[in-house]
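As a plain string of letters, each chain reads:
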Number of protein chains: 2
Amino acid sequence: MQLKNHVEWALHCCSVLAALPEDERIPAKLLAELHGIPREYLSKALQALSSAGIISGTLGPTGGYKLARAPGRITFLDIVEAVEGKGRTFVCTEIRDNMPCAEKPPAKGKTRRPCAVARVMYDADKAWRSHLQSVTLADLAKTVEKEVPLRVLKGNAEWLAAKRNA
Amino acid sequence: MQLKNHVEWALHCCSVLAALPEDERIPAKLLAELHGIPREYLSKALQALSSAGIISGTLGPTGGYKLARAPGRITFLDIVEAVEGKGRTFVCTEIRDNMPCAEKPPAKGKTRRPCAVARVMYDADKAWRSHLQSVTLADLAKTVEKEVPLRVLKGNAEWLAAKRNA
DNA sequence: CTTATTACGGATATTTATTATCCGTATTTA
DNA sequence: TAAATACGGATAATAAATATCCGTAATAAG
Ligand code: SF4
Ligand code: SF4
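Quantities reported herein were computed from a predicted structural model and do not represent experimental measurements.

Cut-off values and rules
Residues numbered from 1 in each chain as written. Chains lettered and ligands numbered in written order. Predicted model: local features only at pLDDT ≥ 70, side-chain atom pairs only at ≥ 80, totals over all residues. Heavy atoms only, no water. Near = heavy atom within 4 Å. Polar contact = N/O pair within 3.5 Å; in protein donor to acceptor, adjacent residues only side chain to side chain. Helix = DSSP H or I, 4+ residues; strand = E, 2+ residues; numbered from the N terminus. Nonpolar A, V, L, I, M, F, W, Y, C, P; charged D, E, K, R; others polar. Contact = heavy atoms within 4.5 Å. Buried area = accessible area lost by both parts, 1.4 Å probe. Salt bridge = Lys/Arg side-chain N within 4 Å of Asp/Glu carboxyl O. Phe/Tyr/Trp six-rings, centres within 6.5 Å; stacked < 30°, edge-to-face > 60°. Buried < 20%, exposed > 50% of the residue type's maximum accessible area, 1.4 Å probe, protein only. Pairing = 2+ DSSP bridges. Expected span 1.5 Å × (residues − 1). Arc of directions from axis to C-beta.

*Asks:* Can you lay out the protein's contact with DNA strand C for me, pointing to particular residues and giving the numbers?
*Replies:* Neighbouring DNA strand C are 24 residues; Lys44, Leu59 and Tyr65 of chain A together with Lys4 and Pro38 of chain B lie closest to it. One nitrogen or oxygen atom from the main chain of Met1 of chain A is found 3.1 Å from a phosphate oxygen belonging to DNA strand C. In this structure, a phosphate oxygen belonging to DNA strand C sits 3.4 Å away from a side-chain N or O atom of Asn5 of chain B. Listed by contribution, the elements that provide at least two residues to the surface near DNA strand C are helix 3 (39-51), strand 1 (55-58) and strand 2 (64-67) of chain A together with helix 1 (5-18) and helix 3 (39-51) of chain B. By residue class, the composition of the surface near DNA strand C is 11 nonpolar, 9 polar and 4 charged.

*Asks:* So what's going on with the interface of chain A and chain B? Residues and values would help.
*Replies:* The interface is formed by 53 residues belonging to chain A together with 53 residues belonging to chain B. For chain A, the biggest contributors to the area lost against chain B are Met1, Glu8 and Ile95 of chain A; these three give 15% of the whole. The interface formed by chain A and chain B contains 4 salt bridges. Arg113 of chain A is the partner of Glu147 of chain B in a salt bridge, and the nearest nitrogen-oxygen pair spans 3.2 Å. Here chain A and chain B share 15 residue pairs in polar contact (both at pLDDT 80 or more) between them. Where the side of chain A that touches chain B is concerned, the elements lending two or more residues are helix 1 (5-18), helix 2 (28-35), helix 4 (76-84), helix 5 (116-133), helix 6 (137-147) and helix 7 (150-165) of chain A. Take the side of chain A that touches chain B: its biggest share by element is 12 residues, from helix 5 of chain A. Among the residues forming the side of chain A that touches chain B, the class breakdown is 31 nonpolar, 11 polar and 11 charged.

*Asks:* Kindly report on the packing of aromatic side chains, identifying the contributing residues and their values.
*Replies:* Residues and elements named next belong to chain A. Counted by the stated rule, this structure contains 4 aromatic pairs over all chains. Considering the side-chain rings of Phe90 and Tyr122, the 6.4 Å spacing of their centres and the 65° angle between planes classify their relative orientation as edge-to-face. With a gap of 32 residues between them, Phe90 in the loop between helix 4 and helix 5 and Tyr122 in helix 5 connect regions that are remote in the sequence. Taken individually, Phe90 and Tyr122 each receive the classification buried, so the pair is uniform in this respect.

*Asks:* Residue-level account of the pairing of strand 1 (residues 55-58) of chain B, with values.
*Replies:* All names here are of chain B. Of the pairings in the sheet, the one linking strand 1 to strand 2 (residues 64-67) comprises 4 bridges and is antiparallel in character. Opposite Ile55, over in strand 2, you have Leu67 as the bridge partner. In this structure, the hairpin formed by strand 1 and strand 2 is closed by a connection of 5 residues, where Gly60 is found at a positive phi of approximately 80°.

*Asks:* Any details on unusual backbone geometry? Residues and values, ideally.
*Replies:* Residue and element names in this part refer to chain A. For Asp23, which is not glycine, the phi dihedral falls at a positive 60°. The residue Asp23 is located in the loop between helix 1 and helix 2 in this model. For Asp23, a relative accessible area of 60% corresponds to the exposed category.

*Asks:* Mind laying out helix 7 (residues 150-165) of chain B, listing which residues take part and the relevant values?
*Replies:* Residue and element names in this part refer to chain B. With 16 residues, helix 7 should cover 22 Å at 1.5 Å per step; its first-to-last C-alpha distance of 23 Å lies within 8% of that length. Those residues of helix 7 not exposed but buried are Val152, Gly155, Asn156, Trp159 and Leu160. For helix 7, the buried positions fall inside an angular range of 130° around the axis, keeping them on one side. Away from the buried face of helix 7 by more than 90 degrees, exposed residues Leu150, Arg151, Lys154, Glu158 and Asn165 are located. Those residues of helix 7 that are buried are in contact with helix 1 and helix 2 (28-35).

Written as structure tokens, this is what we have:
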């Protein structure tokens, strides 16, 4: 059980976009080159983020992506769910119905209370999501600013600027 | 991202074993029939549980599986990690090293503090595991006893006993 | 208007993980 | 001795993740 690498890419890209001056954009090509990952494949992740309303893309030359709203209003959960889906990690296939003396499954349309096993797993899932929801891109930016040497931050920003004006 | 169905099977089987009188055993064949799942495949999950020290299997006729320790000392996390592995759900491929102005990766043997992104994901993972660790098989048994009609519990127990003496 | 550049989305191939089955070996009870 | 069992290795089938390709529409600049 592993999150797909789209998640890591999406988080990184959002982190980079969060450090971008208002009304500037970065094309997918540059984001891919910056991270050393396949451009076409990264595009899928970016499109997922876009259709989830987290980033917004604009067409044409000088086009590219930028955050669709303030970094303080984008949580890790938003990003993870955008690329990984909102589905639960534990799926119940109702094997209890195969037990010889099981209760009969509910009539079509009606739903049954999830069993005790499933509820524990769902609650764990909720705890995971809850933690992801408690951290925003703004929080991340603050941490990065504290931990990454200024030289590195500046260097990357300049590399980006140079590439975009080339 | 989804847990494998082994997890569901393992949880169910442990739940059944927890309701078993001391010094009785259930062979894999019966556990599979009880749940309507493929026997040979279920065996893999049971072997994983066994080698993790959660259940113990004995050979020969009248052999089978039973819990290796008291239900109160077996947590959901024990079971999940036994079949799913202890690996983290978020894997960091260190794509930051591809950034043009990245810090150099640490010398061989040395480790680097995980980056801010990874730490958030790891903490979420920890929250998930922590919740799973807080629930034991004994807790589950108590809930099941409360929620499942006595008729069903009895019926299944009798089905099991009949099969084992056949 | 034309051209270059971009996001977007559909189709498809490749690789890996999950799901499932098969069978031989060792151990234990009757 | 024979039947029943756990165990583990090998392998096949299926699904999911990873990756690439290409056509379309939109936009900015010359
Ligand atoms: S997890 Fe619960 S609901 Fe799902 S199959 Fe098992 S017993 Fe049934
Ligand atoms: S998650 Fe953090 S450590 Fe992992 S690649 Fe991204 S920046 Fe690097």
